[in-house]
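Listed below, chain by chain, are the residues.
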Amino acid sequence: MIYEEHLRAAEASGWSIESIRWSAIDRGLARDEQEIHAALRDAAMIEGYLPTFAPRLMLLLWDDVDATAILSLELFEGLKHYTALRRYLDIVGDERSRVSEGSLVEAREGTAGIKYRREEIVTYLTHFMCSELFAAHFFRRLAEQTREPVLAELLGYMSRDELRHSAAGGALLRKRIAADPDIATEIIAAAENFRHYGSDVVDVPLAEENDFDAIMAMNRKIRQLCGLAPTERLEEEFSNGS
């Protein structure tokens with residue numbers, strides 16, 4: 001089973017909330033990083049959205065045991081991220097984080113009308129895979145920007161988690177391609193119209209200048225799965241006059 005492979009990877013690289021050196025946080029350095037804290041608040045909102053997002057997806061995947069298991073693992077680790085981010089923001093005295101639970105509930109309520117269609121499951125899985133990849137690059141960038149060492153350590157753990165989550169999404173899509181190679185075209189189309197699932201609850205820019213590495217990583221991942229990257233297909237269409 002795909003799930004067993006990714007469960008072993010999760011256990012091998014696992015970290016706990018209590019393994020973070022909370023008492024070593026340098027509050028003086030943290031006070032000067034308000035922009036980073038704003039990004040952390042958005043990240044916490046997205047991670048806290050998982051109990052609403054993941055079940056919606058799992059309901060469509062009831063006949064794919066691997067997929068439901070992978071998403072269950074994603075849900076657990078996402079909530080660990082949410083808890084860690086909230087604790088960090090509370091410790092450094094970020095005032096807005098103190099009301100973020102109410103904001104999260106309100107944001108979740110705003111997604112109540114979202115309906116997923118089973119015939120679009122490949123698109124949703126592609127967006128999930130790419131969203132996790134973008135999250136990995138997002139956390140890595142913040143880890144490079146922060147001067148506060150405990151946050152840098154925490155974000156390093158989270159970035160590696162997100163890379164595993166993206167790899168798990170890729171494995172689920174690879175399984176579907178093996179059963180039906182025509183699905184590759186659907187995956188490429190979904191990547192061309194990528195939408196981060198976190199956009200349901202926060203304003204997530206799809207192509208900032210500093211997301212270039214993530215965009216190229218997404219192209220590489222789609223090429224590995226489908227034999228053709230979204231940018232390459234667009235080049236083919238332009239060259240053919242489409």
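Structure: above.
In short, a report on the structure. (Residues numbered from 1 in each chain as written. Predicted model: local features only at pLDDT ≥ 70, side-chain atom pairs only at ≥ 80, totals over all residues. Heavy atoms only, no water.)

1. Focus: the overall build of the protein chain
Secondary structure assignment for the protein chain yields 11 helices and 0 strands. At 18 Å, the protein chain has a C-alpha radius of gyration in line with the 18 Å of a compact globule built from 242 residues. With 242 residues in all, the protein chain has 53% of them scored as buried. Taking as baseline every contact in the protein chain between residues at least 6 positions apart, the subset at least 24 positions apart corresponds to 83%. Accessible area for the protein chain stands at about 11,800 Å²; split by element, carbon and sulfur atoms hold 53% of it. (Helix = DSSP H or I, 4+ residues; strand = E, 2+ residues; numbered from the N terminus. Rg over C-alpha atoms; globule rule 2.2 N^0.38 Å. Buried < 20%, exposed > 50% of the residue type's maximum accessible area, 1.4 Å probe, protein only. Contact = heavy atoms within 4.5 Å. Areas by Shrake-Rupley, 256 points an atom, 1.4 Å probe, with all protein chains shown as cover.)

2. Here's the deal with the pattern of salt bridges
Within the structure shown, the criterion is met by 14 salt bridges. Where Arg118 meets Asp63, a salt bridge forms, and the shortest distance between an N and an O atom there is 2.6 Å. Of this pair, Arg118 sits in the loop between α6 (100–109) and α7 (121–145) while Asp63 sits in the loop between α4 (50–60) and α5 (65–91); the two residues are 55 residues apart in sequence, bridging distant segments of the chain. Classification of Arg118 as partly exposed rests on a relative accessible area of 37%. Overall, Asp63 belongs to the partly exposed group, its relative accessible area being 44%. Taking the shortest distance from any N to any O, the salt bridge between Glu77 and Arg164 comes out at 3.0 Å. Taken together, the residues span a long stretch of sequence, with Glu77 in helix α5 and Arg164 in helix α8 (residues 149–179) at a distance of 87 residues. Within this structure, Asp64, Asp66, Lys175 and Arg176 form a network of salt bridges that share partners. (Salt bridge = Lys/Arg side-chain N within 4 Å of Asp/Glu carboxyl O.)

3. Section: α8
The end-to-end C-alpha separation of α8 is 46 Å, in line with the 45 Å expected for 31 residues at 1.5 Å each. Sitting at the amino-terminal end of α8 is Glu148, which places a side-chain oxygen 3.3 Å from the backbone nitrogen of Val150. (Expected span 1.5 Å × (residues − 1). Polar contact = N/O pair within 3.5 Å; in protein donor to acceptor, adjacent residues only side chain to side chain.)

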